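# Results of the structural survey
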Amino acid sequence: MSDVEHILKELEKDVKTQGKYQQVLTSIGDGVIALDKRLRVTAINDTALSFFHKRKSSVIGTPYWRFFQVRNEHGKKTNDVVRHALRDLLRKSHGRKKLEPKSLQRVYVRIPSDGVSPIAVSAALVYSDTGTVVGAVISFRSIEEEVEISQMKSTFVSLAAHQLRAPLTSIRWNIEYLLGGGGGEIPPQQIEVLRDVYESNTRMIRLINDLLNISRIEEGRIRVEPSPTDIVALIREAIKEATPQAKAMNRALAFTVDKAVGEMAVLNIDKQLIFQVLRNLISNAVKYASMHDGQVTVHLSKEKFSYRINVWDNGIGVPSDAKKKVFTKFFRAENASERDPSGSGLGLYLVKMIVKVSGGNVRFTSSPDKGTTFSFSLPLKGSSARLKGKRFSELSA
């Protein structure tokens, strides 16, 4: 039983009695804050008080957000995801079914005199014996050490990638020089060997660039420069680039547009970043489509607040046990690895990160051996600019 489940069980034994579960709160190592339906503090343990540098008398009866102030990693005000999660739970609590707790993996909160600190949060409702919602509980723990380790790993990957990219690029230039006849005539057998080396070198450079890009996005160092872009033309450009791959693999590649979109759909987005999203999704769809009658369709539609791009294929699909890990860094489903052993498991993680930094969201539906649809949105209001940092690294960078 998890800490939050234990807390809920104790709280629900007698929600009218304050003193009986204070001992339970004290025994929990995580920070715990019990709330009424108006999200005012009814109980709080010593761990939470110590974390926020507060006294119990100063917080009981007050809205929890007076001291539990959500910020971004730089300490600036941002969307309060914890309050949003709690209100969402309360809004949906009118049915008979008990709602599952909501988990937030990394939330930054303001600590007086200490700046901001990263925490992992779980928010849940508290029910009476009759199934009525009587309040909520927040459980949290500091993940500062985990974040520091993650940042150290990202820094190491970034440094290693930088050191590897220069010699790999130099090798590529020299191979291009030899294949172009700069070093004299080369026997046909050696040309084939050089081409194999060139393809392997290209894959390595792309992997290095993916690692660099992911590191920059995770650390908030990726540059986002939105400009008016016709998304219809951008999709056509991405399909044109993927056409040789589709023909070589005998795949049918199509593009459809909703009537509501029209011939043009101009958005203020970073063209280079969104093109990379399209490139990754279309390339994957072509790669994993059916071997017999492979079909890939890119569809553009317009929603109330966004444009949505769907990339569908009739291929191998995603196994049920792999669906939760699809957007995880370095993860590859077993059937995907069997189809293409050379993949890095970074493409979909990169897609998710780029779409997020562009203000959209990405999701997918899939059935094993029937196909997959990856879908991402781009807000009609456009992407927010990030003019500090470095541009996205491509093969030639």
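As a starting point, this report considers the structure included with it. (Residues numbered from 1 in each chain as written. Predicted model: local features only at pLDDT ≥ 70, side-chain atom pairs only at ≥ 80, totals over all residues. Heavy atoms only, no water.)

The next subject is the sheet that holds strand S12 (residues 362–367). Taken in spatial order, the 5 strands line up as S8-S10-S11-S13-S12 in an open sheet, and their pairing is mixed. The sheet is open, and its two edges are formed by strand S8 (252–257) and S12, each paired on a single side. Pairs of neighbouring strands in the sheet enclose a mean axial angle of 15°, with direction left out of account. Each of S8, strand S10 (295–302), strand S11 (306–313) and strand S13 (371–379) touches helix H8 (residues 231–248); the most contacted strand, S8, lies at about 170° to it. (Pairing = 2+ DSSP bridges. Helix = DSSP H or I, 4+ residues; strand = E, 2+ residues; numbered from the N terminus. Axes fitted to C-alpha atoms, helices over the stretch in contact; angles between N-to-C directions. Contact = heavy atoms within 4.5 Å.)

Turning to the packing of helix H7 (residues 188–218) against helix H11 (residues 347–357), a few remarks are in order. Helices that pack against each other are described as a pair by the angle of their axes relative to one another and the distance between those axes. Where H7 contacts H11, the two axes come as close as 10 Å, and the packing angle between them is 35°. As H7 packs across H11, the resulting crossing turns out to be left-handed. Here Asp-210, Asn-213, Ile-214, Ile-217 and Glu-218 of H7 come into contact with H11, specifically with Tyr-349, Leu-350, Met-353 and Ile-354. Residue composition of the contact of H7 with H11, grouped by class: 6 nonpolar, 1 polar and 2 charged. (Left-handed = near helix turned anticlockwise from the far one by under 90°. Nonpolar A, V, L, I, M, F, W, Y, C, P; charged D, E, K, R; others polar.)

The volume enclosed by the largest pocket comes to roughly 1900 Å³. Elements supplying a minimum of two residues to the lining of the largest pocket: strand S3 (70–71), strand S4 (102–111), helix H6 (144–179), H7 and H11. With 7 residues, the top contributor of residues to the lining of the largest pocket is S4. In terms of residue class, the lining of the largest pocket is built from 14 nonpolar, 11 polar and 16 charged. (1 Å grid on protein atoms, 1.4 Å probe; cavity = no way out; pocket = protein on both sides within 12 Å on 5 of 7 lines; lining within 4 Å. Points joined across faces, edges and corners; volume = space filled by probe spheres on them.)

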